[in-house]
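Below, each chain spelled out in residue letters.
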Amino acid sequence: MDKIAIFCSASGNIDPAFFEKARELGDWMGQNKKTLVYGGANIGLMECIAQAAKDNGATVIGVIPTKLEEKGRTSDLLDVTFRTDNLSDRKDIMLNECDVVVALPGGVGTLDEVFHVMAAATLDYHRKKVIFYNINGFWNGIIDFLSALETQHFAHHPLNNYFAVANDLGELTELLK
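Residues numbered from 1 in each chain as written. Predicted model: local features only at pLDDT ≥ 70, side-chain atom pairs only at ≥ 80, totals over all residues. Heavy atoms only, no water.

Q: Let's hear about the overall build of the protein chain: which residues, and what values?
A: When its secondary structure is counted, the protein chain shows seven helices and seven strands. When its helices and strands are written in sequence order, the protein chain yields β-α-β-α-β-α-β-α-β-α-β-α-β-α. Against the globule reference of 16 Å for 177 residues, the protein chain gives a C-alpha radius of gyration of 15 Å, in line with a compact fold. Across its three principal directions, the C-alpha atoms of the protein chain cover 45 × 35 × 30 Å. (Helix = DSSP H or I, 4+ residues; strand = E, 2+ residues; numbered from the N terminus. Rg over C-alpha atoms; globule rule 2.2 N^0.38 Å.)

Q: Describe helix 1 (residues 16-31), and please don't skip the residues or the numbers.
A: Relative to the 22 Å expected for 16 residues at 1.5 Å per residue, helix 1 spans 23 Å between its end C-alpha atoms, a close match to the ideal helical length. You can read the cap of helix 1 off the contacts: a side-chain oxygen lies 2.8 Å from the backbone nitrogen of A17, and it is on D15. Of the residues trailing helix 1, K33 is marked for its positive phi of about 55°. (Expected span 1.5 Å × (residues − 1). Polar contact = N/O pair within 3.5 Å; in protein donor to acceptor, adjacent residues only side chain to side chain.)

Q: Explain the pairing of strand 1 (residues 3-7) to me, using residue names and the numbers behind them.
A: As a general feature of sheets, a regular strand has side chains that alternate between the two faces. When you tally the buried positions in strand 1, you get four out of five residues, the bulk of the element. Where strand 1 meets strand 2 (residues 35-38), three bridges bridge the pair, whose relative direction is parallel. By the bridge assignment for strand 2, K3 is matched with T35. Assessed by its sense of winding, the connection that carries the chain from strand 1 through helix 1 to strand 2 is right-handed. (Buried < 20%, exposed > 50% of the residue type's maximum accessible area, 1.4 Å probe, protein only. Pairing = 2+ DSSP bridges. Right-handed = clockwise from strand over helix to strand, strands pointing away.)

Q: Hey, could you go over helix 4 (residues 87-97) for me, with residue numbers and the actual values?
A: Of the positions making up helix 4, those classed as buried are R90, K91, M94 and L95. Buried residues of helix 4, viewed axially, fall in a sector of 125°; they line one side. The N-cap of helix 4, judged by a side-chain oxygen 3.0 Å from the amide nitrogen of S88 a few residues on, is N86. (Arc of directions from axis to C-beta.)

Q: Requested: an account of the nonpolar core, with residues and values cited.
A: Counting residues in hydrophobic clusters, the biggest one holds 33 residues, and the most contacted among them are I6, L25, L36, V102 and L104. Looking at this core, the elements with two or more residues in it are strand 1, helix 1, strand 2, helix 2 (44-55), strand 3 (59-65), strand 5 (100-103), strand 6 (130-133) and strand 7 (163-166). Apart from residues no more than four positions distant in its own chain, L104 is found in contact with I6, F7, C8, A22, L25, L45, T110, Y133 and W139. A5, M94, V101 and A121 belong to the second-largest nonpolar core, a separate cluster that totals 24 residues. (Core = buried A, V, L, I, M, F, W, Y, C linked by side-chain atoms within 4.5 Å. Contact = heavy atoms within 4.5 Å.)

Q: Which residues make up the sheet that holds strand 3, and what values go with them?
A: In spatial order, the strands read 4-3-2-1-5-6-7; together these seven strands make up an open sheet with parallel pairing. Each edge of the sheet is formed by a strand with only one pairing partner; in this case those strands are strand 4 (80-84) and strand 7. Each strand of the sheet is rotated relative to its neighbour by a mean of 25°, with strand direction disregarded. Note that strand 2 and strand 3 share four bridges and pair parallel. Following the sheet pairing, T35 is matched in strand 3 by T59. Running at roughly 165° to strand 2, helix 2 makes contact with strand 1, strand 2 and strand 3 of the sheet. Contacts between helix 5 (residues 108-122) and the sheet are confined to strand 1, strand 5, strand 6 and strand 7, with strand 6 contributing the most and set at about 145° to the helix. (Axes fitted to C-alpha atoms, helices over the stretch in contact; angles between N-to-C directions.)

Q: Any details on the environment of G109? Residues and values, ideally.
A: Counting through the fold element by element, G109 comes out in helix 5. Taking the C-alpha atoms as reference, G109 lies 18 Å from F82; in sequence the two are 27 residues apart.

Q: Requested: an account of the environment of T35, with residues and values cited.
A: Inspection of the secondary structure assignment puts T35 in strand 2. Given a relative accessible area of 14%, T35 falls into the buried group. Along the chain, T35 and M46 lie eleven residues apart, while their C-alpha atoms are 14 Å from each other. In this structure, T35 is in contact with D2, K3, I4, M29, T59 and I61, ignoring residues within four places of it in sequence.

Rendered as structure tokens:
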């Protein structure tokens, strides 16, 4: 798995622990010659992981919607830039460009991206998994929710076919091998 899509927060006003873990992952990606595929913005965890990955030798692919580009939010770190008209196109391009998806802490946009990938997998559009990087238990509520969907028979297949959970960098890197 050489091309890793990262879904994560664009907020800069979050717990510094999330930035530290994003930096660690970016360092690992660069040191292991991985390609980062991400939203292409110069803010929040997005810019943090891109900077760390780039500083350590990773190729950085950004997929930036025109609304963010118009606001001057395009990162200067991009080796390859895909421009999209909207968020739907952005998700599809990111999914097409990657081997696996890692979800760092994020908001509504990150949730949208995660569920887009998982829903497409349930219909066999692809076989890529989402790995929830569960920093400080951030994803516990979503993981419990997914379990409840299964228990209450709202899922046609075991949902762990479409996602995995990593609680620390060691677990995450094992899943990315």
